[in-house]
Amino acid sequence: MENTTKQGFMANPLILQSEELYEYILATSVYPREPEPLKELRKATASHPLAFFGTSPDAGQLIAMLLKIVNAKKTIEIGVFTGYSLLLTALTIPDDGKITAIDVDRKKYEIGLPIIQKTGVEHKINFIESQALPVLDELLQDPKNEGSFEFAFVDADKGNYWNYHERLMKLVKVGGIVIYDNTLWGGYVALPEEAVPEKKRAWRQATIEFNKSITADPCVEISHASVGDGVLICRRIC
């Protein structure tokens, strides 16, 4: 995650708009409890030019707690990048748990794969190199998969978030949780369009529309948490 300055927004600004406060949260509450394999993977990703794509450690801490609250055993992850949230999930679910992990780019996943293997949790992961929608549709062709997942995490193309949501509401059981990442889009969702860099406007608008749609969905309870780049937590209720 990149930082903000008083002069304006950086490429991926802090939601808190305070580097000092964010560093305080990380130093006092997050890093001391971050498992060593996750520290190693985070550091292995740090030199990547797209390192800010990775799940923030504070958001990861929240995800781990929610995984435990719902006793997740069977999960879906859409968007893997180098695997921080994937490894976090694999460390949290039981030894016989399974993660269906979908990403279009296996090369980035392979950055974190040696750490995943060394940690001894690769057997929990079914990595599928593909666009997500065809995989979700294939899962739904088998009626046994409906309502069989306890948890899903989405950190992928924002324009497809609602398409993912429609399918995940069939795959995740009632009482299960779906988390969508980057739903505050670096704070740009609260700014007028003219104040947003042109290259970020399309995804900003897609995020705004998705947030509105989720708020209107009667099948979920929601909480919009301002950790990381914003995470929208949905609990399926019907």
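Bear in mind the structure is a predicted one, so any value in this text is a computation, not a measurement. (Residues numbered from 1 in each chain as written. Predicted model: local features only at pLDDT ≥ 70, side-chain atom pairs only at ≥ 80, totals over all residues. Heavy atoms only, no water.)

Caption draft 1: Spotlight on the packing of aromatic side chains. Following the criterion strictly, the structure yields 8 aromatic pairs and no others. Measuring from centroid to centroid gives 5.0 Å for F52 and F53, while their planes differ by 85 degrees, and the two rings are edge-to-face. Judged by its relative accessible area of 24%, F52 is partly exposed. You can call F53 partly exposed: its relative accessible area is 42%. Ring geometry for Y180 and F210: centres 4.8 Å apart, planes at 65 degrees, overall edge-to-face. Taken as a pair, Y180 in strand 5 (residues 172-181) and F210 in helix 8 (residues 201-215) lie far apart in primary sequence, 30 residues in all. Residue Y180 is classed as buried on the basis of its relative accessible area, which comes to 0%. Cluster of aromatic residues (ring-pair linked, three or more members): Y161, W162, Y180 and F210. In this arrangement the basic side chain of K74 is found over the ring face of F149, its NZ or CZ atom lying 4.5 Å from the centre. Over the face of the ring belonging to W185 we find K200, whose NZ or CZ atom lies 5.3 Å from the ring centre. (Phe/Tyr/Trp six-rings, centres within 6.5 Å; stacked < 30°, edge-to-face > 60°. Buried < 20%, exposed > 50% of the residue type's maximum accessible area, 1.4 Å probe, protein only. Helix = DSSP H or I, 4+ residues; strand = E, 2+ residues; numbered from the N terminus. Lys NZ or Arg CZ within 6 Å of the ring centre and 35° of its normal.)

Caption draft 2: Examining the environment of L184 more closely. For L184, the location among the structural elements is in the loop between strand 5 and helix 8. When the C-alpha atoms of L184 and G228 are compared, they prove to be 9.1 Å apart, with 44 residues separating the residues in sequence.

Caption draft 3: View of helix 6 (residues 132-140). Taken as a whole, helix 6 has its buried residues at A132, L133, V135, L136, L139 and L140. Along helix 6, the residues classed as buried sweep out an arc of 165 degrees about the axis, all on the same side. Contacts from the buried residues of helix 6 go to strand 1 (74-78), strand 2 (98-103), strand 3 (125-129), strand 4 (149-154) and helix 7 (161-171). (Arc of directions from axis to C-beta. Contact = heavy atoms within 4.5 Å.)

Caption draft 4: Quick look at the environment of D103. Residue position: D103 is located in strand 2. Overall, the relative accessible area of 12% leaves D103 in the buried class. D103 sits 109 residues away from K212 along the chain, and the two C-alpha atoms are 26 Å apart. Looking at D103, its side chain comes within polar contact range of the main-chain nitrogen of F81, at 3.2 Å. (Polar contact = N/O pair within 3.5 Å; in protein donor to acceptor, adjacent residues only side chain to side chain.)

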